[in-house]
There are 2 protein chains.
Amino acid sequence: MTAPAGFRATGIAAGIKPSGALDMALVFNEGPDYAAAGVFTRNQVKAAPVLWTRQVLTTGRLRAVVLNSGGANACTGPEGFQDTHATAEAVAQALSDWGTETGPIEVAVCSTGLIGDRLPMDKVLAGVTTLVHELAGGLTGGEEAARAIMTTDTVPKQVALHHPDKWNVGAMAKGAGMLAPSLATMLCVITTDAVADAAALDSALRKATARTFDRLDIDGSCSTNDTVLLLASGASEVRPSQAELDDAVLRVCDDLCAQLQADAEGVTKRITITVKGAPSEDDALTAARIVARDSLVKTALFGSDPNWGRVLAAVGMVPFPIEPDRITVSFNGFPVCVNGAGAPGARDVDLSGADIDVTVDLQLGAGQASIRTTDLSHAYVEENSAYSS
Amino acid sequence: MTAPAGFRATGIAAGIKPSGALDMALVFNEGPDYAAAGVFTRNQVKAAPVLWTRQVLTTGRLRAVVLNSGGANACTGPEGFQDTHATAEAVAQALSDWGTETGPIEVAVCSTGLIGDRLPMDKVLAGVTTLVHELAGGLTGGEEAARAIMTTDTVPKQVALHHPDKWNVGAMAKGAGMLAPSLATMLCVITTDAVADAAALDSALRKATARTFDRLDIDGSCSTNDTVLLLASGASEVRPSQAELDDAVLRVCDDLCAQLQADAEGVTKRITITVKGAPSEDDALTAARIVARDSLVKTALFGSDPNWGRVLAAVGMVPFPIEPDRITVSFNGFPVCVNGAGAPGARDVDLSGADIDVTVDLQLGAGQASIRTTDLSHAYVEENSAYSS
């Protein structure tokens, strides 16, 4: 995330997490530009930091992003919103004290963790002071920042892309569960030193998330805190074309998606569900999502069981007309179901590896789409039956 | 199921299941009436016996129902349909040989088990002969029939209702997994000795299933084989009013639903999700189903964890507008979330018992509905990761 020129980042342990692990991060844009864009959860129950950051982003401009793990600050009422506001105020004040005149409206806030509890604001505000102090020390701590936003993640997720034309994109993300439909559940900050205005960033970000995070579905649950931010410093003095920017942001988001999938809660299989031959791409996506969210498909694949009948049963619930007798299914390229009935050897397909590709051909049209998901394992149940307690 | 006059039933081990357990059943209506109605899965991928039985029921008349476990005969192509047809033919022939003139179009066929494999027709056809022979012996084997349709069920499900006006309703059902949206995944045969025509039966059955089986959602997966049949012999010579018939069928279905929930795959908690204060009953049902299908809610409840934030996050995904700041949630009657924020003591609610009631009040209108579901446990994962192999 600090690969692009003009960005600093750091992560600290502010004491929000009882474990003493890193739990606060700051990303700072030194400019000369401050253009920014964001996409947010489509959940109607939105955390306070989502409400705040969506509002400040109407200006198309950000100087800093402050993030915390250890608490989502969701379902915390008006007091929770005041906490978010106070955090942005504190960041703006500390940056201004350091000599970088900043208003709270230039500070995005992201939180992740348990829903429903207020944040320990004494620790959060002290953390802000420490963060700005560390940042002022000139250390760039992209790795620490990426670690500081982890919850049930086991590894930090980062990526850097260096364009031949001498501009760069960097990013960090977190997210291991509650990863679902409209925007994979997570926090993600993407930085670039390209010269790009807020509209160009917004366009690139929306196109990229629609094809990447929106197609990652671990457990069908959509969080209250999903936030993806894209900040441009312009420090490279290179203005890429919209197509170049789109491509770079897409590649960065796609790489992060693969990292999120590989570290998802309880994952033992990295599964890609592809539906082709659908009437449209949207139909293909709907069908792939239905298969990807089916508990019986996911448990079968956890057991390396080529139980293709469960895929057919899931496909049968799509909300558009299909012809069951034309459906073909393959596992890892091996046809297990042809024209709606079992193929020879279907029960013997080896699915013991960690990567499973399920391809369904509806043979109705040209629509195609893929969803990344994982299996439903004992570890998933274990992790999620004892999270708040 | 043999509580009503005019019905015989029996169950045998035909050798379809490798374990040697009971796997075929026959229900026979001795008359004098043969009115019948049925409801079927809304899955577009329909098993051969569903296609057959739906067709024969257009006559509004049934003499017999033959059922098997050990194989769903779904996704088996035209050959699978021929197998179903041959089974109905064999039952009709055997009953005719026994002196009860019956045509195949009076015989419903139901199958349950693994999707995708052909049935061993030599065993099925020999089983038909044995079934009719046992039936002719005069033994009424409702219990054996209920056992013969079990798959992952651990107990048979039966119920009998005796109306003060001297008519009766009996029923059996199976179903432990793939229990979901439009009609809980299962086979169910209901019998009555009331005098009622096919239209009256159809009306009573549709109203009852909409409020019972359609509101049981164990794992969100809808099967290819769901079938609920209602047969009336008229042997009591009592013609109940439509309201009386509706009420009796509803009560029988509701009782079976509770039995199915209590024996669902991997169940450790019997959970009822109630949504009230919705704009309409349909909206309430949609919201309750979304909560009931949320893996994070289900794993939390498996862990007896009062993680109400996950309920809010699930509710936030309903497809109609809500006001997050007005939502109230209670667990077993204890308020855990009031006006969208945590209530005092919410994290300390004791959910260690087997029954958990989750009530969400959207405070928007008068719509109310409940969904019965279960938790997502290690046993569910275990059972479903090693079913076909």
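Residues numbered from 1 in each chain as written. Chains lettered and ligands numbered in written order. Predicted model: local features only at pLDDT ≥ 70, side-chain atom pairs only at ≥ 80, totals over all residues. Heavy atoms only, no water.

Under an unreviewed UniProt entry, the name given to chain A is Arginine biosynthesis bifunctional protein ArgJ, and the source organism is Mycolicibacterium hassiacum. The Function (unreviewed entry) field of the UniProt record for chain A holds the comment "Catalyzes two activities which are involved in the cyclic version of arginine biosynthesis: the synthesis of N-acetylglutamate from glutamate and acetyl-CoA as the acetyl donor, and of ornithine by transacetylation between N(2)-acetylornithine and glutamate." (UniProt positions renumbered as here; feature names shortened; annotations may be inferred.)

Once that is clear, we can look at the overall build of chain A. Regarding its fold elements, chain A presents 10 helices and 15 strands. Considered along the principal axes of its C-alpha atoms, chain A spans approximately 70 × 50 × 35 Å. Considering chain A as a whole, with its 389 residues, one finds that 62% of them fall into the buried category. For chain A, the accessible surface area stands at approximately 12,900 Å², while carbon and sulfur atoms represent 50% of it. Each charge sign in chain A was given a centre, from 29 positive and 46 negative side chains, and these centres are 2 Å apart. (Helix = DSSP H or I, 4+ residues; strand = E, 2+ residues; numbered from the N terminus. Buried < 20%, exposed > 50% of the residue type's maximum accessible area, 1.4 Å probe, protein only. Areas by Shrake-Rupley, 256 points an atom, 1.4 Å probe, with all protein chains shown as cover. Lys, Arg positive; Asp, Glu negative; His and termini not counted. Charge placed at Lys NZ, Arg CZ, Asp CG, Glu CD.)

Once that is clear, we can look at the packing of helix 2 (residues 77-97) of chain A against helix 3 (residues 121-136) of chain A. Residue and element names in this part refer to chain A. Contact geometry for helix 2 and helix 3: axes closest at 9 Å, N-to-C directions at 25°. With respect to their mutual orientation, helix 2 and helix 3 come out roughly parallel. Crossing hand, helix 2 versus helix 3: right-handed. Together, Asp83, Ala86, Thr87, Ala90, Val91, Ala94 and Leu95 of helix 2 and Met121, Val124, Leu125, Val128 and Val132 of helix 3 make up the contact between the two elements. For the contact of helix 2 with helix 3, the per-class residue count stands at 10 nonpolar, one polar and one charged. (Axes fitted to C-alpha atoms, helices over the stretch in contact; angles between N-to-C directions. Parallel < 35°, antiparallel > 145°, perpendicular 65-115°, else oblique. Left-handed = near helix turned anticlockwise from the far one by under 90°. Contact = heavy atoms within 4.5 Å. Nonpolar A, V, L, I, M, F, W, Y, C, P; charged D, E, K, R; others polar.)

Moving on, we come to the nonpolar core. B:Met24, B:Val27, B:Leu62, B:Val65, B:Leu67, B:Met172 and B:Leu229 are the most contacted members of the largest nonpolar core, which has 48 residues in total. With residues near it in sequence (within four places) discarded, B:Val65 still touches B:Ala25, B:Leu26, B:Val27, B:Ala108, B:Cys110, B:Val189, B:Leu229 and B:Leu231. Counting residues in hydrophobic clusters, the runner-up holds 47 residues, among them A:Phe7, A:Ala9, A:Ala94 and A:Val107. (Core = buried A, V, L, I, M, F, W, Y, C linked by side-chain atoms within 4.5 Å.)

What follows is about the environment of B:Asp153. Residue and element names in this part refer to chain B. Within the element layout of this structure, Asp153 appears in the loop between helix 4 (142-148) and strand 6 (157-163). According to the relative accessible area criterion, Asp153 is buried, its value standing at 6%. Considering only alpha carbons, one finds Asp153 and Gly11, 142 residues apart in sequence, at a separation of 16 Å.

Here we come to the domain arrangement of chain A. Residue and element names in this part refer to chain A. Each assigned domain of chain A is listed with its residue range as follows: domain 1 (7-262) and domain 2 (270-384). Here the C-alpha centre of domain 2 lies 34 Å away from the C-alpha centre of domain 1. Contact between domain 1 and domain 2 buries roughly 1,400 Å² in total, counting both sides, with carbon and sulfur atoms accounting for 41%. A per-residue breakdown of the area domain 1 buries against domain 2 is headed by Arg215, Asp217 and Gln261, which together make up 49% of the total. (Domains from an automatic or database assignment. Buried area = accessible area lost by both parts, 1.4 Å probe.)

Residue and element names in this part refer to chain A. Ordered by their spatial adjacency, six strands build an open sheet running 13-12-11-14-10-15, and the pairing between neighbours is mixed. If you trace the sheet from one side to the other, it starts and ends with strand 13 (341-342) and strand 15 (367-374), each paired once. Bridge analysis of strand 11 (residues 328-331) against strand 14 (residues 355-361) gives four bridges, and the strand direction is antiparallel. Pairing of Thr328 across the sheet is with Asp361, part of strand 14. (Pairing = 2+ DSSP bridges.)

What follows deals with the relation of the copies chain A and chain B. Rotating chain A by 180° and moving it 0.0 Å along the rotation axis overlays it on chain B with an RMSD of 0.0 Å. Taken together, the turn and the small shift mark the pair as related by a two-fold rotation axis. The C-alpha atom lying nearest the rotation axis in chain A is that of A:His378; the distance is 2.8 Å. When the interface residues of chain A are mapped onto chain B, 100% of them again lie at the interface, so the same face is used by both copies. (Least-squares fit on C-alpha atoms with pLDDT ≥ 70 in both.)

Okay, the interface of chain A and chain B next. Across the boundary between the two partners, chain A contributes 54 residues, which contact 54 residues of chain B. Summed over both partners, the interface of chain A with chain B buries about 4,200 Å², with 57% contributed by carbon and sulfur atoms. Between the two partners, chain A and chain B, sit two salt bridges. The residue A:Asp117 makes a salt bridge to B:Arg347 at a minimum N-O spacing of 3.2 Å. The interface formed by chain A and chain B holds 17 residue pairs in polar contact (both at pLDDT 80 or more) in total. Put simply, the parts of the chain that give the side of chain A that touches chain B at least two residues each are helix 8 (295-302), helix 9 (308-315), strand 13 and helix 10 (378-384) of chain A. (Salt bridge = Lys/Arg side-chain N within 4 Å of Asp/Glu carboxyl O. Polar contact = N/O pair within 3.5 Å; in protein donor to acceptor, adjacent residues only side chain to side chain.)

We now examine the sheet that holds strand 7 (residues 167-174) of chain B. Residues and elements named next belong to chain B. Read across the open sheet, the five strands follow the order 3-9-8-7-6; overall the sheet is mixed. What marks the edges here is a single partner per strand, and that holds for strand 3 (35-40) and strand 6. Within the sheet, the average angular offset between the axes of one strand and its neighbour, ignoring direction, is 10°. In the packing of helix 5 (residues 198-211) onto the sheet, contacts are made with strand 3, strand 8 (187-192) and strand 9 (227-232), and the angle to strand 3 comes to roughly 30°.

Where strand 11 of chain A and strand 12 (residues 334-338) of chain A come together, three bridges link them in antiparallel fashion. Looking at strand 12 of chain A, one finds that A:Ser330 is bridged to A:Pro335.

As a further point, take the state of the cysteines. Using the criterion set out here, one finds zero disulfides over all chains in the structure. Between A:Cys253, a free cysteine, and A:Cys188, which holds the nearest cysteine sulfur, the sulfur-to-sulfur gap is 5.7 Å. Here A:Cys253 falls in the buried class, since its relative accessible area comes to 0%. Here A:Cys337 is not cross-linked by a disulfide; its sulfur's nearest cysteine counterpart is in B:Cys75, at 6.0 Å. The class for A:Cys337 is buried, based on a relative accessible area of 0%. (Disulfide = S-S within 2.5 Å.)

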